[in-house]
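Reading the structure
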Amino acid sequence: MAVSRYTKMAYKDADELIFGRAQHPVSYGFGIKVGAGRVIPEINYAPRPGTERDVEKFRREYVDYICKDALDRAVTAGMPDLQMETEWVSQMNQKKLAVPVVAGQTEICEKYHEEYGINTAMRQTIPDQREADQGLRPGMDKERNYPEKLIECAEMACENGAHVFSVESMGGKELADHAVTQGDVVAFLFGVGYLGSIDMTYIWQQFVDICKKNKVTPGGDTNCSGANTSMFMAGGFLDNDVQRTFSAITRAIASARTLCAWECGATGPDKDCGYEGPICKAVAGKPTSQEGKNCQCAHCDLQGNLMASTCDLWSNESVEYHPEFGGSSVACWLGSLGYEVALMNTSIQLGQDKTLRDLYMYTDRIRGPEAYILAYDHAFMIGKAIADNGNNLYLRSKAAGETAAKIILDGYNSKELPLTKKQLEVLQDCQKQMAALPDDEAKFVEYCTKLYKDVPAFNIKNYGL
Amino acid sequence: MLSSKGVDFSGILRRYDVDQQVAATPQEMAKEMLPHDPVFKKVAEEVLYMRFKTVAPVVNEALKEKKPLDVINEGLVAGMEIVAKLYAEHVYYLPEIMMAAKTMEIGIALAEKKLEGGKMKAKATVIMHAAEGDPHDIGKNIAAIMTKAAGYDVIDMGRDVPVEDVVAKTMEVKPLFVSGTALMTTTMSAFPRIAAGFMAKGLSIPFMGCGGAVNREYANSYDLGIYSDKAAQTPPIADKILAGYDWKKVREEWDNIIRGE
């Protein structure tokens with residue numbers, strides 16, 4: 001599959017960015033249309049521990065309990081659409097566990113669609129178990145063959161009934177971990193922005209081919225392993241691990257990486273946990289899945305409302321299957337998603353969608369620097385910086401990081417966005433570090449390869465360099 | 001875009017991070033905590049201010065007039081203890097902890113060369129790993145550095161470690177405790193199997209369950225299981241085990257331990 005980098009913005013103006021509508025809507029599954037004028041709830045879940053030990057128990061957990069509960073709640077509450085996402089647990093790299101689940105989930109989606117007319121679809125998200133110290137490319141990991149298994153998992157998902165295909169790829173993670181723990185923005189730029197983009201481009205060309213062969217929609221990816229680690233460690237107001245200004249810059253850099261799946265021919269929707277979605281959507285016009293206020297079952301972030309302002313699917317991130325007073329956890333959290341989505345879709349019907357979008361955005365705009373850069377006007381500015389440097393994986397990631405830093409500093413200077421002394425200090429340090437980097441890609445790679453040669457598990461050969 | 005002009009956001013959200021930030025600088029806060037002896041003070045400051053490029057000459061200079069063990073304990077470790085206090089007060093953050101620990105390690109390695117026996121005696125040995133099937137190990141790596149900085153030897157088995165390998169290594173080393181990290185509900189199910197493996201071999205070593213998917217209820221649901229919610233909680237729990245707490249007492253006293261009591 002040919003790679004076509006984004007060098008122009010899909011939207012002319014930030015004001016065009018809004019939930020429920022994307023420039024390039026996608027249809028799949030049993031009647032699902034994403035980005036075509038209404039937002040769709042996407043429920044995600046995890047099986048109970050121990051269920052993975054028995055093939056039939058595992059299938060029942062995913063199909064007869066989790067999916068059936070979700071579909072029953074969707075019908076009970078009158079939802080017109082439901083997308084479900086299975087993020088494969090590591091044991092699903094075995095055919096005997098994966099195939100009955102994938103096939104069974106598609107079957108139950110079809111059953112409810114036929115019986116009730118509800119539009120349904122399954123997203124299958126495969127695990128990327130590749131380990132940098134063993135090797136990310138086929139032939140390198142002689143012990144566990146994880147690079148080969150990654151492709152095998154994609155084939156298993158696509159050949160057995162997935163409607164949308166996704167992955168949470170890990171390319172660049174070894175440097176992202178180093179960057180987040182050391183507060184080193186250059187390591188993040190090199191690992192995620194540059195090497196991660198190379199890795200994504202490599203694997204997504206193959207994924208898109210597999211999807212096309214099996215008539216499956218290639219959705220997209222996320223930098224969950226990098227920017228989300230950064231965001232979670234930055235945490236809320238009681239946490240003190242990573243500065244939120246640093247985390248915001250890593251998010252902007254990650255958006256240049258996440259775009260690579262779409263540049264390889266994936267059509268969206270990308271992954272819910274990619275909080276970089278507003279930036280990616282601004283560049284590409286493809287639909288995005290997001291999460292926020294209704295994913296408190298999984299984690300607390302500081303942009304719970306704001307993330308809804310440009311979404312096309314609205315997700316709960318993930319919840320372990322267990323009983324609650326109101327039904328199973330899956331049913332309860334879907335109920336919460338469904339009502340939020342109904343609010344968004346009502347606003348579209350009443351012509352009040354831009355007002356609701358702005359309300360979502362303003363409630364969190366100054367809650368923290370990460371929210372601030374993901375507000376749709378700022379997301380558009382970062383997207384433009386990427387598109388202006390679209391053909392160079394290094395320069396566009398750097399531009400994304402530098403633009404985010406400037407947006408935050410301008411917000412602080414204009415007294416719109418409060419920052420702590422430490423947040424400001426780290427922001428300015430990141431700016432200095434990025435400004436000192438060379439413009440020449442080869443020089444940057446040479447510099448970073450030497451600088452990070454002792455980072456555990458880092459091996460430039462993993463990226464074909 | 002709607003205009004937000006004139007909106008009073010104080011009733012919508014409170015930026016507690018800005019409101020509650022500590023005004024004092026690290027220098028001001030550390031002033032009263034640094035050693036009085038000028039040689040040890042200089043060494044401690046190298047760690048406190050994360051000067052990993054200059055710690056070597058400062059330690060070498062100190063070793064000319066002080067005993068190696070004293071340079072370690074009263075200089076390097078004393079500096080790290082101040083770093084831990086600044087972290088607890090939200091003045092220092094994770095990157096400072098990591099860089100200070102790196103600085104301390106450089107200094108200790110130099111002092112150990114002059115030490116009779118060649119190596120400082122660790123408080124005890126601990127084994128850490130990320131669960132079988134789980135590639136997520138950042139939390140384990142941070143906990144390992146914090147535990148090392150607190151004076152323990154850490155055997156880091158890496159990630160995606162099979163149950164039987166953890167049991168075999170534990171049999172061989174007989175550590176103070178073993179920790180496992182998991183980010184998936186289906187990988188943390190390795191933990192009760194590891195604990196059962198310990199018991200089958202006659203070991204009563206505590207097994208600490210950690211990671212995003214793990215909660216206290218799960219970690220306490222099988223014999224030998226104890227819990228750590230955050231990397232920074234691991235050293236105080238280790239200290240209590242070293243002081244003689246078994247897994248049952250760690251569970252009973254857990255709330256007090258993490259409050260530093």
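The structure this text deals with has already been given above.
**Here's the deal with the overall build of chain A**
Tallying secondary structure elements over chain A gives 15 helices and 11 strands in all. Its C-alpha radius of gyration of 21 Å places chain A within 12% of the 23 Å reference for a compact globule of 465 residues. Across its three principal directions, the C-alpha atoms of chain A cover 60 × 55 × 40 Å. A total of 465 residues make up chain A; the buried ones form 66% of that total.

**Some points on the interface of chain B and chain A**
Counting from both sides, the interface comprises 44 residues of chain B and, opposite them, 52 residues of chain A. In total, chain B and chain A occlude about 3,900 Å² of area from one another, counting both sides; carbon and sulfur atoms represent 55% of this. Area buried by chain B at its contact with chain A is led by Met1, Arg15 and Thr186 of chain B, which between them contribute 17% of it. There are six salt bridges connecting chain B and chain A. Broken down by secondary-structure element, the contributors of at least two residues to the side of chain B that touches chain A are α1 (16-19), α6 (94-113) and α7 (138-149) of chain B. A per-element tally of the side of chain B that touches chain A places α6 of chain B first, with five residues.

**Description of the sheet that holds strand β4 (residues 207-210) of chain B**
Residues and elements named next belong to chain B. Strand order in the open sheet made by the five strands is β2-β1-β3-β4-β5, with parallel pairing throughout. Each having just a single partner strand, β2 (153-156) and β5 (225-227) make up the two edges of the open sheet. Strand-to-strand twist of the sheet, defined as the mean angle between neighbouring strand axes without regard to direction, takes the value 30°. The strands touched by helix α8 (residues 163-173) within the sheet are β1 (125-130), β2 and β3 (177-181), with β1 carrying the most contacts at an inclination of about 175°.

**Some words on the nonpolar core**
Residues and elements named next belong to chain A. Counting 234 residues, the largest nonpolar core has Met84, Ile126, Phe165, Phe190, Trp204, Phe207 and Phe444 as its most contacted members. The dominant element in this core, judged by the number of residues it contributes, is helix α5 (residues 185-213), at 17 residues. Excluding anything up to four places from it in sequence, Phe190 contacts Leu175, Leu195, Phe444, Val445, Cys448, Thr449, Tyr452, Phe458 and Ile460.

**Some details on unusual backbone geometry**
Along the chain, Gly268 of chain A connects to Pro269 of chain A via a cis peptide bond; the corresponding omega equals 0°. Within the secondary structure layout, Pro269 of chain A lies in the loop between α7 (244-263) and α8 (277-284). Located in the positive-phi region is Lys215 of chain A, a residue other than glycine, with phi close to 55°. Tracing the chain through its elements places Lys215 of chain A in the loop between α5 and β7 (217-220). In this structure, Asp160 of chain B takes a positive phi of about 55° despite not being glycine.

**Observations concerning the pairing of strand β4 (residues 81-87) of chain A**
Residue and element names in this part refer to chain A. Where burial is concerned, most of β4 is hidden: seven out of the seven residues are buried. Of the two faces of β4, the one carrying Asp81, Gln83, Glu85 and Glu87 and the one carrying Leu82, Met84 and Thr86 are both buried. Looking at chain direction, strand β3 (residues 40-44) and β4 are connected through three bridges and run parallel. Across the sheet, Glu42 pairs through a bridge with Gln83, a residue of β4.

**Quick look at the sheet that holds β4 of chain A**
Residue and element names in this part refer to chain A. Spatial ordering of the open sheet is given by β7-β6-β5-β4-β3-β9-β8, a layout of seven strands whose pairing is parallel. Because the sheet does not close on itself, it has two edges, and the strands there are β7 and β8 (289-291). Each neighbouring strand pair of the sheet contributes to a mean axis angle of 30°, computed without reference to strand direction. The pairing of β8 with strand β9 (residues 313-315) spans three bridges and is parallel.

**Concerning the packing of aromatic side chains**
Within the structure shown, the criterion is met by 19 aromatic pairs over all chains. Seen in terms of ring centroids, Phe165 of chain A and Trp204 of chain A are 5.8 Å apart; in terms of plane orientation they differ by 65°. Their pairing is edge-to-face. Highlighted residues: Phe165 of chain A in strand β6 (residues 164-167) and Trp204 of chain A in helix α5, separated in sequence by 39 residues. Taken individually, Phe165 of chain A and Trp204 of chain A each receive the classification buried, so the pair is uniform in this respect. A centroid spacing of 6.0 Å and a plane angle of 70° characterise the contact between Tyr218 of chain B and Tyr222 of chain B, whose relative ring orientation is edge-to-face. Comparing Tyr218 of chain B with Tyr222 of chain B, the two get one shared label, buried. By the ring-pair criterion, three or more aromatic residues cluster together here, those being Phe190, Tyr194, Tyr394, Phe444, Tyr452 and Phe458 of chain A. Arg137 of chain A extends its terminal NZ or CZ atom over the ring of Tyr202 of chain A, reaching a point 3.7 Å from the ring centre. Positioned over the ring face of Tyr376 of chain A is Arg357 of chain A, at 4.0 Å from the centre of the ring.

**Details of helix α5 (residues 68-88) of chain B**
Here α5 of chain B spans 29 Å end to end across 21 residues, near enough to the 30 Å set by a 1.5 Å rise per residue. Once α5 of chain B finishes, His90 of chain B follows within two positions and takes phi at roughly 65°, a positive value.

**Notes on the environment of Arg193 of chain B**
Along the chain, Arg193 of chain B falls in helix α9 (residues 190-200). By relative accessible area, which is 38% here, Arg193 of chain B ends up partly exposed. With 30 residues separating them along the chain, Arg193 of chain B and Val163 of chain B place their C-alpha atoms 7.1 Å apart. Arg193 of chain B has contacts with Arg53 of chain A together with Val163 of chain B, leaving out every residue within four places of it along the chain.

**Overview of the pairing of β3 of chain A**
Residues and elements named next belong to chain A. For β3, a buried count of five out of five residues is recorded, marking the element as mostly surrounded by other parts of the structure. Covered by surrounding structure in β3 are Ile40, Glu42 and Asn44 together with Pro41 and Ile43, the residues of both alternating faces. The sheet contact formed by β3 and β9 spans three bridges and is parallel. What sits directly across from Glu42, in β9, is Ser315. With helix α1 (residues 55-76) bridging β3 and its parallel neighbour β4, the resulting β-α-β unit is right-handed.

Thresholds applied
Residues numbered from 1 in each chain as written. Chains lettered and ligands numbered in written order. Predicted model: local features only at pLDDT ≥ 70, side-chain atom pairs only at ≥ 80, totals over all residues. Heavy atoms only, no water. Helix = DSSP H or I, 4+ residues; strand = E, 2+ residues; numbered from the N terminus. Rg over C-alpha atoms; globule rule 2.2 N^0.38 Å. Buried < 20%, exposed > 50% of the residue type's maximum accessible area, 1.4 Å probe, protein only. Contact = heavy atoms within 4.5 Å. Buried area = accessible area lost by both parts, 1.4 Å probe. Salt bridge = Lys/Arg side-chain N within 4 Å of Asp/Glu carboxyl O. Pairing = 2+ DSSP bridges. Axes fitted to C-alpha atoms, helices over the stretch in contact; angles between N-to-C directions. Core = buried A, V, L, I, M, F, W, Y, C linked by side-chain atoms within 4.5 Å. Phe/Tyr/Trp six-rings, centres within 6.5 Å; stacked < 30°, edge-to-face > 60°. Lys NZ or Arg CZ within 6 Å of the ring centre and 35° of its normal. Expected span 1.5 Å × (residues − 1). Right-handed = clockwise from strand over helix to strand, strands pointing away.

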